[in-house]
Amino acid sequence: MRRRAVLAAAAAAVLAPGIARPQARVRRIGVLMGFRENDTGATDYIGALMQGLNGLGWKPGVNLQVDWRWAAGDPALFERYAAELVALQPDALVAQGTPSVNALRPKAGTVPIVFTIVTDPVGQGLVASLAKPGGTITGFTDFDPSMAGKWMGLLSEIRPPVSRASVLFNPDTAPFAGTMVRAIEAAAPSFSIAVRQTPCRDDAGIESMMEELARDGRGGGLVVLPDLFNLVHRATIIAAADRHRLSTIYFNRTFTTAGGLMSYGVDYADQFRRAASYVDRLLKGASAADLPVQQPDKFDLTINLRTARLRGVEIAPNLLAIADDVID
């Protein structure tokens, strides 16, 4: 308290007599996250968003109020928390993933929404185009079609070789999955990999799908798509893939650091950091309609060499050489 008093007195001393220091206007943003609140994978994303905001002069408790809600992948909670956030009359909203955007959009009215980790926002009807989104929604996408070829190429560099790959997603939380699956199916023949879709909606479905894939014999692989369901059920997916000894490529390093074999995808923390710049511009009067949707430009390849050894899997040396992170 003494330090605050000294700073206040110093600030008052530089003001002309009789002129009161104007109070900073506190702006408010609501953030709807699809994770569980205690999810360790979310820590970096929260930190990145707040670091970005702080760097632009937005300080919680000084000129910014941030309200957080955590839906934990639960459709009912998305709806409930979206309504709660809008009722707080925020100046802007941040939405992680398609379910968050879909819950907020019909309730937000004119309140602008900045999304992160959303696939094919044009195809989903969230924006008119990437360059000119129109409306009140803009943000950062998490998929480029080239990623599909990268996933197939990475699976082809594993020994024993992968000849069959299942693609895991939940149709309810990943209505955009068709875009990714088509890109994977187009890339797979170049790597002599046969692909099939394996939609799952719960832990039992994950276990059953992987058991069937393993029962088909050696050469089975798995592609885990960018999907909130897969993030929330991360532990189940990793454990089942390990139990059935399936060579798996994940879309985010949180899987690999938790024991998954290999991941390649967008740097999500970077997306949240960049989202702060859009929130800043909106709070300063910009229109979401004029802020282009930005595509991913920072990717991460992480390999868990410890898991590979335990599984008796060999990772090509050239992959280890170019990996951003090797867990050993």
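See the structure shown above.
All residue numbers refer to positions counted from 1 along the written sequence of the respective chain. Local features in a predicted model are, by the rule used here, given only for residues with pLDDT of at least 70; side-chain atom pairs are given and counted only at 80 or more, and totals for whole chains, interfaces and linings are based on all residues. Side-chain metrics in this entry use all non-hydrogen atoms of the structure; hydrogen atoms and water are not considered.

(A) View of the overall build of the protein. Scanning the protein from N- to C-terminus turns up 13 helices and 14 strands. Principal-axis analysis of the C-alpha atoms places the extent of the protein at approximately 85 × 40 × 35 Å. The buried share of the protein, reckoned over its 328 residues, is 51%. By sequence separation, contacts in the protein at least 24 residues apart represent 71% of the contacts at least 6 residues apart. Note on areas: these come from Shrake-Rupley sampling with a 1.4 Å probe, and a residue is covered only by the protein chains present in the view. When the accessible surface of the protein is totalled, it reaches about 14600 Å², and 52% of it is carbon and sulfur. For the purposes of this entry, the term helix denotes a DSSP run of H or I that reaches at least four residues, the term strand denotes a run of E that reaches at least two, and both are numbered from the N terminus. Relative accessible area decides the class of each residue, using a 1.4 Å probe on protein chains only: under 20% of the type maximum gives buried, over 50% gives exposed, and in between gives partly exposed. Residues count as neighbours in contact if any of their non-hydrogen atoms are within 4.5 Å of one another.

(B) Highlighting the packing of helix H2 (residues 43-55) against helix H11 (residues 268-283). Direction vectors running N to C along H2 and H11 enclose 30°, while the axes themselves pass 7 Å from each other. In this view, H2 runs roughly parallel relative to H11, as classed from their interaxial angle. Crossing handedness for the pair H2 and H11: right-handed. Here H2 contributes Asp-44, Tyr-45, Ala-48, Leu-49, Gln-51, Gly-52 and Leu-53 to the contact with H11, which in turn contributes Tyr-268, Ala-269, Phe-272, Arg-273, Ala-276 and Val-279. A class-by-class count of the residues in the contact of H2 with H11 yields nine nonpolar, two polar and two charged. Axes, fitted as lines to C-alpha atoms, cover a helix only where it is in contact. Angles between the N-to-C directions of the axes lie from 0 to 180 degrees. Our angle categories are set so that under 35 degrees counts as roughly parallel, over 145 as roughly antiparallel, 65 to 115 as roughly perpendicular, and the remainder as oblique. Should the near helix be turned anticlockwise from the far one by less than a right angle, the crossing is termed left-handed; should it be turned clockwise, right-handed. Residue polarity is assigned by list, with Asp, Glu, Lys and Arg as charged and Ala, Val, Leu, Ile, Met, Phe, Trp, Tyr, Cys and Pro as nonpolar; anything else, Gly included, falls into the polar class.

(C) A look at the pattern of salt bridges. We count a salt bridge whenever a side-chain nitrogen from Lys or Arg sits within 4 Å of a carboxyl oxygen from Asp or Glu. Enumeration according to the criterion identifies 20 salt bridges in this entry. Glu-211 is the partner of Arg-215 in a salt bridge, and the nearest nitrogen-oxygen pair spans 3.9 Å. Here Arg-215 and its partner Glu-211 are both found in helix H7 (residues 203-215), four residues apart, which amounts to about one turn of the helix. Arg-215 gets classed as exposed once you look at its relative accessible area, which sits at 58%. Since its relative accessible area comes to 39%, Glu-211 is described here as partly exposed. Ionic pairing is found between Asp-242 and Arg-311, a salt bridge with its closest N-O pair at 3.0 Å. With Asp-242 in helix H9 (residues 234-243) and Arg-311 in helix H12 (residues 305-311), this pair connects stretches of sequence that are 69 residues apart. Members of the salt-bridge network, linked through shared partners, are Asp-270, Arg-273, Arg-274 and Asp-297.

(D) Local environment of the nonpolar core. Core analysis: the biggest nonpolar cluster contains 86 residues, and Trp-151, Val-223 and Leu-225 have the highest contact counts within it. Of the residues forming this core, the biggest block, nine residues, is contributed by H11. Ignoring sequence-local partners within four residues, the contact set of Val-223 consists of Trp-151, Met-152, Leu-155, Ala-165, Ser-166, Val-167, Leu-168, Ile-184 and Ile-249. Definition used in this section: a nonpolar core is a set of buried Ala, Val, Leu, Ile, Met, Phe, Trp, Tyr and Cys residues joined via side-chain atoms within 4.5 Å. Counting 24 residues, the second largest nonpolar core, distinct from the first, contains Val-101, Leu-104, Ile-113 and Leu-126.

(E) Fine view of the environment of Pro-226. Relative to the helices and strands, Pro-226 resides in the loop between strand E9 (220-224) and helix H8 (228-232). Pro-226 sits 32 residues away from Ala-258 along the chain, and the two C-alpha atoms are 16 Å apart. Residues contacting Pro-226, with those up to four places away along its chain left out, are Asp-142, Trp-151, Phe-176, Met-180, Phe-251 and Tyr-268.

(F) Up close: the sheet that holds strand E5 (residues 137-141). The five strands lie next to each other as E2-E1-E3-E4-E5, forming an open sheet whose pairing is parallel. Edge positions in the sheet fall to strand E2 (64-70) and E5, since each of these pairs with one other strand and no more. For this sheet the average axis-to-axis angle between neighbouring strands, irrespective of direction, equals 15°. Sheet topology note: the strand E3 (residues 92-96)/strand E4 (residues 113-118) ladder contains four bridges and is parallel. For Ala-95, the partnering residue across the bridge sits in E4 and is Phe-115. Those strands touched by helix H3 (residues 75-87) are strand E1 (27-33), E2 and E3, and its axis lies near 180° from that of E1. Contacts from H11 reach E1, E2, E3, E4 and E5, with the element oriented near 165° to E4. Being paired, for any two strands, means DSSP has found at least two bridges between them.

(G) Highlighting the pairing of E1. The element E1 is largely enclosed, with a buried count of six among its seven residues. In terms of strand pairing, E1 meets E2 through seven bridges, oriented parallel. Within E2, the position partnered with Ile-29 by the bridge is Val-66. Bridging between E1 and E3 involves four bridges; their strand directions are parallel. Among the inter-strand pairings, Ile-29 is bridged to a residue of E3, identified as Ala-92.

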